[in-house]
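So the chains spell out like this:
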Amino acid sequence: MRTGLVAGNWKMHGTLTSVRALASELAKLPLAESNAEVVVAPGLAHLTAVVDALGDANIAVAAQDLSAFAGEGAHTGDVSGTQLLEAGCRWVIVGHSERREDHSESDALVASKVRVALDQGLSVILCVGESLEQRESGDTDAVVARQLTAVLDVLEPADASKLVLAYEPIWAIGTGLTATPEQAQAVHAGLRSVVAQWSAQVADELRIVYGGSVKADNAATLFAQPDIDGGLVGGASLDAGSFADIIRAIG
Ligand code: PGA
């Protein structure tokens with residue numbers, strides 16, 4: 001039985017005041033009653049403030065990216081896994097489509113980042129997903145398999161317990177267009193079978209979450225699918241009430 005995971009991706013939103021308020025509200029949620037593991041990913045400059053505001057709440061903090069360079073060094077603007085751990089992060093999102101697009105992150109760079117993050121002791125939410133054009137030309141499975149395989153090539157099965165896969169169709173992110181539960185389930189099952197060719201045991205244990213306009217009113221039907229183990233939530237995670245409803249949808 002896989003533990004559900006709900007992660008809030010706050011992207012480049014919020015002020016110090018607003019993220020502190022949001023984290024304080026989340027800290028009051030009765031998460032002990034929930035079966036979900038909960039993670040929030042504030043912007044880099046807000047990490048320590050959010051860690052402080054969450055206190056001993058059962059909510060972990062993720063960064064939204066990290067450097068592919070291991071250790072410390074002359075890499076202006078980069079942040080290392082070690083620095084993120086010191087700031088109180090336990091997780092990092094890697095390969096979000098906005099980074100792949102805005103910063104031309106290749107599959108190889110994403111794979112390097114995953115390797116560095118795991119080596120430095122962070123857990124990873126690895127994002128994969130196709131564009132609308134790729135979906136319409138029938139390439140969805142091939143695209144996400146290619147993105148996933150680039151990372152599997154640098155992993156050992158023992159790393160897998162610290163990895164969560166997020167399927168995020170680009171056409172569904174921030175658009176209000178959600179993949180139907182059937183569409184998402186089909187891709188999740190395909191991803192799990194790619195992992196199974198690499199390690200059957202890991203395929204069984206790996207959590208694969210869905211992202212792309214997850215809201216309080218569609219979360220339960222998505223999470224009810226056999227291969228959907230939770231959500232990576234953007235817009236709806238910026239409101240404590242709707243994020244709480246999504247966490248409850250894990251059941
Ligand atoms: P969204 O974002 O929920 O606003 O569509 C999801 C994501 O990009 O992780």
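Residues numbered from 1 in each chain as written. Predicted model: local features only at pLDDT ≥ 70, side-chain atom pairs only at ≥ 80, totals over all residues. Heavy atoms only, no water.

Trainee: Go over the site of the ligand, please, and point to the residues and values.
Mentor: What surrounds the ligand is a group of 13 residues, the closest being K11, H96, E168, G174 and S213. Within the side chain of E168, one N or O atom sits 2.7 Å away from an oxygen atom of the ligand. G235 places a polar main-chain atom, nitrogen or oxygen, 2.8 Å from an oxygen atom of the ligand. Isolated, the ligand exposes 280 Å² of accessible area, and the fraction of that covered by the protein chains is 97%. Of the residues assigned to the shell around the ligand, the class counts are 4 nonpolar, 7 polar and 2 charged. (Near = heavy atom within 4 Å. Polar contact = N/O pair within 3.5 Å; in protein donor to acceptor, adjacent residues only side chain to side chain. Areas by Shrake-Rupley, 256 points an atom, 1.4 Å probe, with all protein chains shown as cover. Nonpolar A, V, L, I, M, F, W, Y, C, P; charged D, E, K, R; others polar.)

Trainee: Residue-level account of the pattern of salt bridges, with values.
Mentor: Summed over the entire model, instances satisfying the criterion amount to 15 salt bridges. Across the pair R100 and D107 runs a salt bridge whose closest N-O atoms are separated by 2.9 Å. Grouping residues by exposure puts R100 and D107 together as buried. (Salt bridge = Lys/Arg side-chain N within 4 Å of Asp/Glu carboxyl O. Buried < 20%, exposed > 50% of the residue type's maximum accessible area, 1.4 Å probe, protein only.)

Trainee: Pulling in residues and values, what's your account of the nonpolar core?
Mentor: Core analysis: the biggest nonpolar cluster contains 70 residues, and L26, V114 and L126 have the highest contact counts within it. It is helix α5 (residues 107–119) that provides the largest number of residues to this core, a total of 6 residues. Beyond its immediate stretch of four places on either side in the chain, L126 contacts V94, R100, V110, V114, L148, V151, L163, V164, L165 and A166. By size, the runner-up hydrophobic cluster in this structure holds 13 residues, among which are A7, A62, I93 and V209. (Core = buried A, V, L, I, M, F, W, Y, C linked by side-chain atoms within 4.5 Å. Helix = DSSP H or I, 4+ residues; strand = E, 2+ residues; numbered from the N terminus. Contact = heavy atoms within 4.5 Å.)

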